[in-house]
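A look at the structure
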Amino acid sequence: MSVLTIQGLRVAVGDREVVRGLDLTMQSGEVHVIMGPNGSGKSTLAHALAGHPGYRITGGTAEIDGVSLLDLSPTDRVRRGLFLALQQPIEVPGVRLADVLRAAGVDPEGLEGRIRVEAERVGLRPDLLSRFMNVDLSGGERKRAEVVQFALLRPAFALFDEVDSGLDVDALGAVARRLAASSQEWGCGVLVITHFSRLLHDLMPTKIHVVRAGQVVTTGGPELAAVLEREGYEPFGAPSSDA
Ligand SMILES: Nc1ncnc2c1ncn2[C@@H]1O[C@H](COP(=O)(O)OP(=O)(O)O)[C@@H](O)[C@H]1O
Ligand SMILES: [Mg+2]
């Protein structure tokens, strides 16, 4: 059992603080969803957790089982069990998925077969995964390729930014079900950033967090989704600005 703890996290982009005291705690085996208006700092949170240069931590902590992630290199964060799928997966010419998985220590025994099984679970043509990573793949194919990578890496915690972008409804359902299953299969803690409340039906999240202006302003159960669907983000209020 592991726990991901984010407390009072503050992140600046350039000279502007975009994440402004964000708190979030997630245990192994839980599925959490982050929803919030455009520009509220959701992707900034993902980039900061990934250790992306250009996102400056100006306060707070992010830890897995009490070990700070913020002092670690991006590679060491992955070694600590954190997987981050960014909004726009990039092309990596010269590198294939199987190479990445083997380099990360995934058991090479029967790997091609396991890649094929996972590709089929998210409706992706397996031959697309023997190409160089993401090269000449559509946005939706890249998203699904990333889910295959996730499923074989079996991280302790995974964060998916805008998982809905580029996916049609059928692909989205398959991806959401795959993510939800991971919480059962190896106790993954899954954090999904999405605008698409229809996804919640397949994801069956433990908790929904509403983010506004760089803070979690409300946390609730799946019942929050209906309120968001009906009334948007307005009822949840913005935190008082200290900018
Ligand atoms: N690399 C960047 N350079 C400049 N501004 C950025 C950068 N990344 C994010 N921002 C700004 O930070 C704010 C939050 O962006 P973002 O975290 O992408 O929001 P969200 O993902 O919630 O839509 C926005 O105003 C955005 O313009
Ligand atoms: Mg975003």
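In what follows, the structure referred to is the one given above.
Report on the accompanying structure.

Rules used in this analysis
Residues numbered from 1 in each chain as written. Chains lettered and ligands numbered in written order. Predicted model: local features only at pLDDT ≥ 70, side-chain atom pairs only at ≥ 80, totals over all residues. Heavy atoms only, no water. Helix = DSSP H or I, 4+ residues; strand = E, 2+ residues; numbered from the N terminus. Rg over C-alpha atoms; globule rule 2.2 N^0.38 Å. Buried < 20%, exposed > 50% of the residue type's maximum accessible area, 1.4 Å probe, protein only. Salt bridge = Lys/Arg side-chain N within 4 Å of Asp/Glu carboxyl O. Pairing = 2+ DSSP bridges.

**What about the overall build of the chain?**
The secondary structure content of the chain amounts to 8 helices and 12 strands. Radius of gyration (C-alpha) of the chain: 17 Å, near the 18 Å computed for a compact globule of 243 residues. Reported as C-alpha extents along the three principal axes, the dimensions of the chain are approximately 55 × 40 × 35 Å. Residues counted as buried form 50% of the 243 residues belonging to the chain.

**What to know about the pattern of salt bridges**
For the structure shown, the criterion picks out 12 salt bridges. A salt bridge links E118 to R178, with the nearest nitrogen and oxygen atoms 2.7 Å apart. Taken as a pair, E118 in helix 4 (residues 111-121) and R178 in helix 6 (residues 169-185) lie far apart in primary sequence, 60 residues in all. The burial state of E118 is the same as that of R178; both residues are buried. One salt bridge in this structure joins R177 and D202, with 3.3 Å as the shortest N-O distance. Pair noted here: R177 is in helix 6 and D202 is in helix 7 (residues 199-203), with a separation of 25 residues, a long-range link. When its relative accessible area of 46% is taken as the criterion, R177 is described as partly exposed. Through salt bridges with shared partners, a single ionic network connects E118, R121, R178 and E185.

**Quick notes on the pairing of strand 1 (residues 3-13)**
As judged from the 9 bridges shared by strand 1 and strand 2 (residues 16-27), these two strands associate in the antiparallel manner. What sits directly across from A12, in strand 2, is E17. With antiparallel pairing between neighbouring strands as the criterion, strand 1 and strand 2 make up a hairpin whose turn holds 2 residues, including G14 at a positive phi of roughly 60°. One ladder, built from 8 bridges, connects strand 1 with strand 4 (residues 55-64); its direction is antiparallel. Within the sheet, the bridge partner assigned to V13 lies in strand 4 and is Y55.

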